[in-house]
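# Structural overview for review
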Amino acid sequence: MATRHDDWLRQAKRDLEMARVSSRDGFHEWACFAAQQSAEKALKAVFQRLGADAWGHVLADLVAALAADLPEAAELDQAARELDRHYIAPRYPDSMPRGAPGDSYTQNEAERAIDNAEQIFRFCESHILR
């Protein structure tokens, strides 16, 4: 079966760049979501490279499953858990006690999400380009 790991990794890189652009332009909620998406796609790229499939959107679960084959992936757990918080909340007003997500996300949160996504992306890229 053909793998599309390169496609997944390229899209992860684009999502990471979109996170940076969104953060720079003040769309902090979208920066956080794009960072989460980048990490998810990068992790799924590694699974594909290994000849496996990965389903779901919970990054902590993806990292835990990946650690079965790559024990060093466990080091990504904290970054994954932080990014998991940005899968739904940045997109839906009813995820907030009041106001829209864009009213409450901050530059600091966006920068932290981007840092976490970069950590995961670098790990994944290094395991794909070996």
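Source: prediction; values computed, not measured.

For the protein, the helix and strand inventory stands at six helices and zero strands. Listing every helix and strand of the protein by position from the N terminus yields α-α-α-α-α-α. For 130 residues, the compact-globule estimate of 2.2 N^0.38 gives 14 Å, and the protein sits close to it at 14 Å. Across its three principal axes, the protein shows a C-alpha extent of roughly 45 × 25 × 25 Å.

Our focus in this paragraph is helix 2 (residues 28-49). One turn of the α-helix equals 3.6 residues, which is why residues spaced by three or four share an orientation. A rise of 1.5 Å per residue sets the reference length of helix 2, with its 22 residues, at 32 Å; its end C-alpha atoms lie 32 Å apart and thus fit the reference within 8%. Along helix 2, 20 of the 22 residues are buried, which leaves the element largely enclosed by surrounding structure. Once helix 2 ends, the next one or two residues include Gly-51, with phi positive near 80°.

The subject of this paragraph is helix 4 (residues 77-84). Listed as buried for helix 4 are Ala-79, Ala-80, Glu-82 and Leu-83. Seen end-on, helix 4 carries its buried residues on one side only, within an arc spanning 165°. The elements touched by buried residues of helix 4 are helix 2, helix 3 (59-66) and helix 6 (107-128).

Within the secondary structure layout, Ser-23 lies in helix 1 (residues 5-24). For Ser-23, a relative accessible area of 5% gives the class buried. Separated by eleven residues in the primary sequence, Ser-23 and Ala-34 place their C-alpha atoms 9.9 Å from one another. Ignoring any residue separated from it by four or fewer positions in sequence, one finds Ser-23 in contact with His-28, Ala-31, Gln-107, Ala-110 and Ile-114. Separated by 3.0 Å, the side chains of Ser-23 and Gln-107 make a polar contact.

Overall, the coordinates contain two aromatic pairs when judged by the stated rule. When the ring of Phe-33 is compared with that of Tyr-87, the centres are 6.3 Å apart and the planes differ by 40°; the resulting orientation is tilted. Of the two residues, Phe-33 is situated in helix 2 and Tyr-87 in the loop between helix 4 and helix 5 (101-104); the sequence distance between them amounts to 54 residues. Three or more aromatic residues joined by ring pairs form one cluster here, namely Trp-30, Phe-33 and Tyr-87. The lysine or arginine in question, Arg-91, covers the ring of Tyr-87, its NZ or CZ lying 4.8 Å from the ring centre.

Put simply, helix 1 and helix 6 touch, their axes get as near as 10 Å, and they point 160° apart. Taken together, helix 1 and helix 6 sit at an angle that is classed as roughly antiparallel. The hand of the helix 1/helix 6 crossing is left-handed. The residues of helix 6 that touch helix 1, namely those facing His-5, Asp-6, Leu-9, Ala-12, Lys-13, Leu-16, Ala-19, Arg-20 and Ser-23, are Gln-107, Ala-110, Ile-114, Ala-117, Glu-118, Phe-121, Glu-125 and Ile-128.

The next subject is the pattern of salt bridges. Opposite charge on two side chains allows them to pair when their charged atoms are near. Applying the stated rule across the entire model yields nine salt bridges. When the shortest N-O distance is used, the salt bridge between Arg-10 and Asp-7 registers 3.1 Å. Taken together, the positions of Arg-10 and Asp-7, both in helix 1 and three residues apart, correspond to about one turn of that helix. For Arg-24, the salt bridge identified is with Asp-25, shortest N-O distance 3.1 Å. Bridged by salt links that share partners, the residues Arg-4, Asp-7 and Arg-10 form one connected network.

Reading the values: rules and limits
As a convention, each chain's residues are numbered from 1 in the sequence order in which they are written. Local features in this predicted model are restricted to residues of pLDDT 70 or higher, and side-chain atom pairs are both shown and tallied only at a pLDDT of 80 or more, whereas totals for entire chains, interfaces and linings draw on every residue. The basis for every side-chain value is the complete set of heavy atoms in the structure, and neither hydrogens nor water enter the calculation. Secondary structure elements are defined from DSSP: runs of H or I of at least 4 residues count as helices, runs of E of at least 2 residues count as strands, and each element is numbered from the N terminus. Radius of gyration here uses only the C-alpha atoms, and the compact-globule reference equals 2.2 Å multiplied by the residue count raised to the power 0.38. Expected span of a helix, by definition, is 1.5 Å for each gap between consecutive residues, and there is one gap fewer than residues. To sort residues, take the accessible area from a 1.4 Å probe on protein chains only and compare it with the maximum for the residue type: under 20% means buried, over 50% means exposed, and anything in between is partly exposed. Throughout, the arc means the angular range of directions from the helix axis out to the C-beta atoms. Any pair of residues with heavy atoms lying within 4.5 Å of one another is described as a contacting pair. In protein, a polar contact requires one atom able to donate a hydrogen and another able to accept it; more generally it is a pair of N or O atoms within 3.5 Å, and residues adjacent in sequence count only if both atoms are side-chain atoms. Any two rings among Phe, Tyr and Trp, with Trp reduced to its six-membered ring, count as a pair given centres within 6.5 Å; such a pair is stacked if its planes are under 30 degrees apart, edge-to-face if over 60, and tilted if neither. Lysine and arginine charges are scored as sitting over a ring when NZ or CZ, respectively, is within 6 Å of the ring centre and within 35 degrees of the ring normal. Axis angles are defined between N-to-C directions and span 0 to 180 degrees, where every axis is a line fitted to C-alpha atoms and, for a helix, only to the segment in contact. For this classification, under 35 degrees means roughly parallel, over 145 means roughly antiparallel, 65 to 115 means roughly perpendicular, and everything else is oblique. Left-handed describes a crossing in which the near helix is turned anticlockwise from the far one by less than a right angle; the clockwise case is right-handed. A pairing counts as a salt bridge when a side-chain nitrogen of Lys or Arg comes within 4 Å of a carboxyl oxygen of Asp or Glu.

In short, shape yes, function no, at least from these values alone.
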